[in-house]
Amino acid sequence: MKDQINALANQWNQSLKDLFEHDSERGSRFVTMGAGLRLDYSKHWIDQAVFEALFDILVNCDFVAKRDQLFGGEKVNVTEDRPVLHPALRAQANDAFHVNGVSIISDVLQARDRAYTFADQIRDGSLVGATGKKFTDVVNIGIGGSDLGPLMISEALKPLIDGPRPHYVSNVDGAHFHDTVAAIDPETTLFLIASKTFTTQETMHNASKAQQWISEALGHGAIASHFAALSTNTDAVSAFGIPKERMFGFWDWVGGRYSVWSTIGLSLMIALGPGVFDRLLHGAREMDLHFRESPLSSNIPVIMALLGVWYRNGFGLQTLAVLPYEQRLHRLPAYLQQMEMESNGKRIDREGQAVAYDTCPVIWGEPGTNGQHAFFQLLHQGTLICPIDFILSANPSNTDSESHVLLNANCLAQSESLAFGKSHEQAYQEMVEQGMSAAQAGRLAPHRSFPGNRPSSTIMMTQLTPETLGALIAAYEHKVFTQGVLWNVNSYDQWGVELGKAQCNALRPSFDSGCASDFSSSTQEGVRWLRKNMH
Ligand code: F6P
């Protein structure tokens, strides 16, 4: 893969300006549609020949068979010896998903129905708090995949929230818990302890604080009515004191960062209602079908994946900016950071060898137009070239269409400017025409010219709805899978987060004892300084 991509990239010598000048139909040729999304990939350093070569590279990585293995329930997570079947969570009754040859559809549908029933009971008030009051607020305590997905979606679909208000506590920093509960009433608050393993330090710490908060306000006996658990670890949930009927399970074949479709989405089911959650699943399922059935040449996740690998391995570009021109998607970059960087931020391949090429880029981003007044300077004129995913919709998710047109004009103007820039000559002429002296214009022209040729994708939808959002998330999930195939890494483990966790457990007692002798002098001095300055 690496050598082929390098060879292709070494031959590449066309600018976006040239490509558009030589092909008046480029803007409609390099566009594909699927599951309600329109991907415009014309503003990339590719032509038909490069694309075909990239498809060949993917096919030579045995992509089609590997995709079949994923959907077929084979143990593609080789280091944890598990299948990876989050698409099964979007399944309908007549879909086929198996683990060890046994259909999992009825388990999936039953777990979903049970969570929906609970959500309806919270929403309609047939399940109430210890003092008989209807729940007005639901607090999801979780971190990583047990937080980012539900949080991101609750922000994205805010106008559709018609049930108890959702809140999310993730950070072990006490400020997060305290600021959240400061604004809510224990009598009308339901806590969801969301943790696949039910051992995650931050989540268990915050869960204990929540128990204490309820117990102090309403008495220990109130805890049973104010808590539910979303987990795969039945023993740990019951040891924590949450009864079986309040536990909503899922399976080890659901990775944390792919779990929002499972009962980890319960806060969404409660806030938005099962009907809206179903629409989200429906949109994601449409993208699953598109990914499985569309030819590679029009397959959105495949194209996104190939472009990413082309820039990362062909040109050494180190980041991907995800810039939604949609304020309600303001947590999407954070969500995708976990999805992409925890999945493909790997240096060991599936055979246990160190890879000889780069893998996942840094994913980052902010919503437009705010980013324009912050980091776009670097995007336009910096020395680093950052490919971008722009995301926008034709219609607002509110009634302010005038603002929305301005938002969208900004988005397209940015991708246009980044692609085509402004030459030194143009900048100079403009200034002279505005009455500036030739000397002054000459001095300023280098500063006021833009190199252009900065690549971007533009992902459009008619509106940000549960369906299009589901499709968008699933598109990135399948992109991550496809890149994992190209880089030959296991996208579904995350051993890299373990060392820091273990070190934290080992270091925590030194804050009491003052002895950190097993650690470096820097850490020892850090502990000493913090202890000395602790109030
Ligand atoms: O530390 C990383 C991680 O394991 C993520 O993969 C996961 O989403 C997060 O922690 C939370 O894990 P859990 O749901 O088990 O609490």
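Up top is the structure.
First things first, this report covers the structure right here in the doc. Remember, it's a predicted structure, so these values are computed and weren't measured experimentally. (Residues numbered from 1 in each chain as written. Predicted model: local features only at pLDDT ≥ 70, side-chain atom pairs only at ≥ 80, totals over all residues. Heavy atoms only, no water.)

What to know about the overall build of the protein
Here's step 1: Regarding its fold elements, the protein presents 23 helices and 13 strands.
Here's step 2: Whereas a compact globule of 535 residues would reach a radius of gyration of roughly 24 Å, the protein reaches 25 Å, a difference of no more than 12%.
Here's step 3: Across its three principal directions, the C-alpha atoms of the protein cover 80 × 60 × 55 Å.
Here's step 4: Out of the 535 residues in the protein, the part that is buried amounts to 52%.
Here's step 5: If you take every contact in the protein between residues at least 6 apart in sequence, the share linking residues at least 24 apart comes to 74%.
Here's step 6: Working note: accessible area of the protein is about 23,000 Å², and carbon and sulfur atoms make up 50% of it. (Helix = DSSP H or I, 4+ residues; strand = E, 2+ residues; numbered from the N terminus. Rg over C-alpha atoms; globule rule 2.2 N^0.38 Å. Buried < 20%, exposed > 50% of the residue type's maximum accessible area, 1.4 Å probe, protein only. Contact = heavy atoms within 4.5 Å. Areas by Shrake-Rupley, 256 points an atom, 1.4 Å probe, with all protein chains shown as cover.)

Details of helix α4 (residues 48-60)
Here's step 1: Taking 1.5 Å per residue as the helical rise, α4 with its 13 residues ought to reach 18 Å, and the 18 Å between its terminal C-alpha atoms agrees with that figure.
Here's step 2: Residues of α4 that are buried: Val-50, Phe-51, Leu-54, Phe-55, Ile-57 and Leu-58. Down the axis of α4, the sector holding all buried residues measures 155°, keeping them to one side. Summarising the geometry of α4, the exposed residues directed more than 90 degrees from the buried face are Ala-49 and Asn-60.
Here's step 3: Looking at the buried residues of α4, the elements they touch are α1 (2-11), α5 (63-71), α14 (300-314) and α20 (466-487).
Here's step 4: Following α4 by one or two positions, Asp-62 has its phi on the positive side, about 65°. (Expected span 1.5 Å × (residues − 1). Arc of directions from axis to C-beta.)

Regarding the packing of aromatic side chains
Here's step 1: The tally for this structure, following the rule as stated, stands at 24 aromatic pairs.
Here's step 2: Measuring from centroid to centroid gives 5.7 Å for Phe-30 and Tyr-41, while their planes differ by 85°, and the two rings are edge-to-face. Taken together, the residues span a long stretch of sequence, with Phe-30 in the loop between α3 (26-29) and β1 (31-34) and Tyr-41 in the loop between β2 (37-40) and α4 at a distance of 11 residues.
Here's step 3: The exposure class assigned to Phe-30 is buried, which follows from its relative accessible area of 4%. (Phe/Tyr/Trp six-rings, centres within 6.5 Å; stacked < 30°, edge-to-face > 60°.)

Quick notes on the nonpolar core
Here's step 1: One finds Leu-266, Trp-310 and Leu-469 to be the most contacted residues of the largest nonpolar core, which totals 114 residues.
Here's step 2: Ranked by the residues each element gives to this core, the list is headed by α20, at 12 residues.
Here's step 3: With sequence-adjacent residues up to four places away left out, Leu-469 is seen in contact with Met-152, Ile-153, Ala-156, Leu-157, Leu-280, Leu-329 and Leu-464.
Here's step 4: Counting 23 residues, the second-largest nonpolar core is a separate cluster that includes Val-139, Ile-141, Ala-222 and Ala-229. (Core = buried A, V, L, I, M, F, W, Y, C linked by side-chain atoms within 4.5 Å.)

Observations concerning the site of the ligand
Here's step 1: Inspection of the region around the ligand gives 15 residues, with Ser-146, Ser-195, Thr-197, Thr-200 and Glu-342 positioned closest.
Here's step 2: One nitrogen or oxygen atom from the side chain of Thr-200 is found 2.5 Å from an oxygen atom belonging to the ligand.
Here's step 3: Within the side chain of Glu-342, one N or O atom sits 2.6 Å away from an oxygen atom of the ligand.
Here's step 4: Across the complex, the protein chains shield 88% of the 390 Å² of accessible surface that the ligand would expose by itself.
Here's step 5: Across the shell around the ligand, the residue classes tally to 2 nonpolar, 9 polar and 4 charged. (Near = heavy atom within 4 Å. Polar contact = N/O pair within 3.5 Å; in protein donor to acceptor, adjacent residues only side chain to side chain. Nonpolar A, V, L, I, M, F, W, Y, C, P; charged D, E, K, R; others polar.)

Section: the pairing of strand β5 (residues 137-141)
Here's step 1: β5 sits mainly inside the fold: 5 of its 5 residues count as buried.
Here's step 2: What you see with β5 is no split at all: Asp-137, Val-139 and Ile-141 on one side and Val-138 and Asn-140 on the other are buried throughout.
Here's step 3: Of the strand pairs in this sheet, β5 and strand β6 (residues 165-169) are connected by 5 bridges, and their pairing is parallel. Bridged to Val-138 within β6 is Pro-166.
Here's step 4: Between the parallel elements β5 and β6, the chain passes through helix α7 (residues 148-156) in a crossover that is right-handed.
Here's step 5: Pairing analysis gives 5 bridges linking β5 to strand β7 (residues 189-194), with the strands arranged parallel. (Pairing = 2+ DSSP bridges. Right-handed = clockwise from strand over helix to strand, strands pointing away.)

Topic: unusual backbone geometry
Here's step 1: Following Gly-368, the chain continues to Thr-369 via a peptide bond in cis, the omega torsion being 5°.
Here's step 2: Mapped onto the secondary structure, Thr-369 falls in the loop between β11 (362-364) and α16 (376-381).
Here's step 3: Of note in the backbone geometry, Asp-62 takes a positive phi value of approximately 65° without being a glycine.
Here's step 4: If you trace the backbone, Asp-62 turns up in the loop between α4 and α5.

Here's the deal with the sheet that holds β6
Here's step 1: Taken together, 5 strands build an open sheet; the order of strands is β6-β5-β7-β8-β9 and the sheet is parallel. Strand pairing shows two members of the sheet lacking a second neighbour, β6 and β9 (247-249), which therefore form its edges. Pairwise comparison of adjacent strand axes, ignoring direction, gives a mean angle of 20° for this sheet.
Here's step 2: Bridge count between β7 and strand β8 (residues 227-231): 4 bridges; the pairing is parallel. Of the residues in β8, the one forming a bridge with Leu-192 is Ala-228.
Here's step 3: Sitting on the sheet, helix α8 (residues 174-182) touches β5, β6 and β7, and the angle it makes with β6 is about 160°.
Here's step 4: Against the sheet, helix α9 (residues 201-218) makes contact with β5, β6, β7 and β8, and its axis sits at roughly 160° relative to β7, the strand it touches most. (Axes fitted to C-alpha atoms, helices over the stretch in contact; angles between N-to-C directions.)

So, the sheet that holds strand β13 (residues 456-463)
Here's step 1: Across the sheet, which stays open at both edges, the 6 strands sit in the order β1-β2-β13-β12-β10-β11 with mixed pairing between neighbours. At either end of the open sheet lies a strand with only one pairing partner, and these are β1 and β11. When the angles between neighbouring strand axes are averaged without regard to direction, this sheet yields 20°.
Here's step 2: When β1 meets β2, the two strands line up antiparallel, connected through 4 bridges.

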